[in-house]
Amino acid sequence: DNDILQGVTISEYDLLLEHELKHNFYASVGLGYATNEFNEINREDDIYSAEFGLKYFLNPKFRAEAEIGHAIRRSNQPLQDYDRTLLLLSITGNL
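Description of the structure in this document. Predicted model, so just to flag it, every value in this text is computed and none were measured. (Residues numbered from 1 in each chain as written. Predicted model: local features only at pLDDT ≥ 70, side-chain atom pairs only at ≥ 80, totals over all residues. Heavy atoms only, no water.)

### So, a nonpolar patch on the surface
Next, step 1: Together, Leu15, Leu17, Leu21, Val29, Leu31, Phe52, Leu54, Ile68, Leu87 and Leu89 make up a nonpolar patch on the protein surface, roughly 980 Å² of accessible area in all.
Next, step 2: Where the nonpolar patch is concerned, the elements lending two or more residues are β1 (8-22), β2 (25-38), β3 (44-59) and β5 (82-93).
Next, step 3: With 3 residues, the top contributor of residues to the nonpolar patch is β1.
Next, step 4: As for its placement among the helices and strands, leucine 54 is situated in strand β3. (Patch = residues over 30% accessible without salt bridge, like charges linked within 9 Å, V, L, I, M, F, W, Y side chains within 5 Å. Areas by Shrake-Rupley, 256 points an atom, 1.4 Å probe, with all protein chains shown as cover. Salt bridge = Lys/Arg side-chain N within 4 Å of Asp/Glu carboxyl O. Helix = DSSP H or I, 4+ residues; strand = E, 2+ residues; numbered from the N terminus.)

### Notes on the pattern of salt bridges
Next, step 1: Under the counting rule described, the total for this entry stands at 5 salt bridges.
Next, step 2: Between lysine 55 and glutamate 18 there is a salt bridge, with its nearest N and O atoms 3.2 Å apart. Here the residue lysine 55 occupies a position in strand β3, and glutamate 18 occupies one in strand β1, the gap between them amounting to 37 residues.
Next, step 3: A relative accessible area of 47% means that glutamate 18 is categorised as partly exposed.
Next, step 4: Among the ionic pairs, arginine 73 bridges to aspartate 45, the shortest N-O distance being 4.0 Å. Within this pair, whereas arginine 73 is found in strand β4 (residues 62-75), its partner aspartate 45 is found in strand β3, the two being separated by 28 residues in sequence. You'll find arginine 73 and aspartate 45 in the same group, each marked buried.
Next, step 5: Sharing partners across several salt bridges, the network here consists of Arg43, Asp45 and Arg73. (Buried < 20%, exposed > 50% of the residue type's maximum accessible area, 1.4 Å probe, protein only.)

Written out as structure tokens, the structure reads:
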């Protein structure tokens, strides 16, 4: 969409809380809000998001994570709204 090439101003606000449930096992919850104001065209988007995650440190070098998040975009332009749910599973290693 060439209209977006004009630029966009993004303002984003996030809150993330993380708590250690047991040794090496963490839970997190987050909320977010963002606005996208497109320059030189009449389009503004509001994006609301929420996420929940679990993290387990297998040892000092490896961790496993699971996260689920949901985002809702509402736009003043037709056909630009969406509802999206993402699931992330990962194992991360550090050298």
